[in-house]
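# Summary of structural features
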Amino acid sequence: MATQGLPSTPKIKAEGLTVGIVTATWNEEICDQLHARAIEQARELGAKVIEARVMGALELPVVAQALAEQCDAVVANGCVIQGGTPHFDYVCDSVTEGLTRIALDERTPVGNGVLTTHTVEQARDRAGFADSVEDKGAEATVAALHTAATLARLRR
């Protein structure tokens, strides 16, 4: 698991911040959990949430870009499970490049909660279920809101 080196959750004051949370619906059970955990985390931190859903991971960047135009931070969640073809690599690379470009072009933090795993079991272990080892939906939300708060402080 990728929990090695994970920083402790910083204290974030997200009151007054708006976060857009867009989540794919492919691999529905996993994505629904990522979405729910992202929303729960954002609300716990005091942020206003705008929700959106898309079909698959490749559709995440375009909706994330629209959210970045109106939000202080964006979180993109999805689940890409490796199959027997190179399609996995193309999807993962495209989504990552798209989300990174949006963050830089729009100057809006984008938390990447897109799971890229070999198996459904690995995805479940990262999705924030009660028996999961990791909670990537919540972690991506903390990262995006922490960066938004940092940017707000630097821009003052």
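Before reading on, note that the structure itself is shown above.
These notes cover the structure that comes with them. (Residues numbered from 1 in each chain as written. Predicted model: local features only at pLDDT ≥ 70, side-chain atom pairs only at ≥ 80, totals over all residues. Heavy atoms only, no water.)

## Digging into the packing of helix H1 (residues 28-44) against helix H5 (residues 136-155)
Interaxial distance between H1 and H5 falls to 7 Å at its minimum, and their mutual angle equals 40°. Here H1 is positioned oblique relative to H5, judged by the angle of their axes. Once H1 is placed against H5, the crossing between them reads as right-handed. Contacts between H1 and H5 involve Leu34, Arg37, Ala38, Gln41 and Ala42 on the former and, on the latter, Lys136, Gly137, Ala138, Thr141, Val142 and Leu145. Taken together, the residues of the contact of H1 with H5 break down into six nonpolar, three polar and two charged. (Axes fitted to C-alpha atoms, helices over the stretch in contact; angles between N-to-C directions. Helix = DSSP H or I, 4+ residues; strand = E, 2+ residues; numbered from the N terminus. Parallel < 35°, antiparallel > 145°, perpendicular 65-115°, else oblique. Left-handed = near helix turned anticlockwise from the far one by under 90°. Contact = heavy atoms within 4.5 Å. Nonpolar A, V, L, I, M, F, W, Y, C, P; charged D, E, K, R; others polar.)

## Remarks on the sheet that holds strand S1 (residues 18-24)
Across the sheet, which stays open at both edges, the four strands sit in the order S2-S1-S3-S4 with parallel pairing between neighbours. Here the strands that pair on one side only, and so sit at the sheet edges, are strand S2 (48-54) and strand S4 (110-117). Averaged over all pairs of adjacent strands, the angle between their axes in this sheet comes to 15°, without regard to strand direction. Across the sheet, helix H2 (residues 60-68) touches S1, S2, strand S3 (73-81) and S4, and the angle it forms with S1 is around 170°. Strands in contact with H5 are S1, S3 and S4; relative to S3, the strand with the most contacts, it is inclined by about 150°. (Pairing = 2+ DSSP bridges.)

## Topic: helix H3 (residues 87-106)
The terminal C-alpha atoms of H3, which comprises 20 residues, lie 28 Å apart, in line with the 28 Å expected from a rise of 1.5 Å per residue. Taken residue by residue, H3 has Phe88, Val91, Cys92, Val95, Gly98, Leu99 and Ile102 as its buried positions. Across the axial projection of H3, the buried residues extend over an arc of 140°, all falling on one side. The outward face of H3, more than 90 degrees from its buried face, is lined by the exposed residues Tyr90, Glu97, Arg101 and Leu104. Along its buried surface, H3 packs onto H2, S3 and S4. (Expected span 1.5 Å × (residues − 1). Buried < 20%, exposed > 50% of the residue type's maximum accessible area, 1.4 Å probe, protein only. Arc of directions from axis to C-beta.)

Function-wise, these values are silent; they only describe arrangement.
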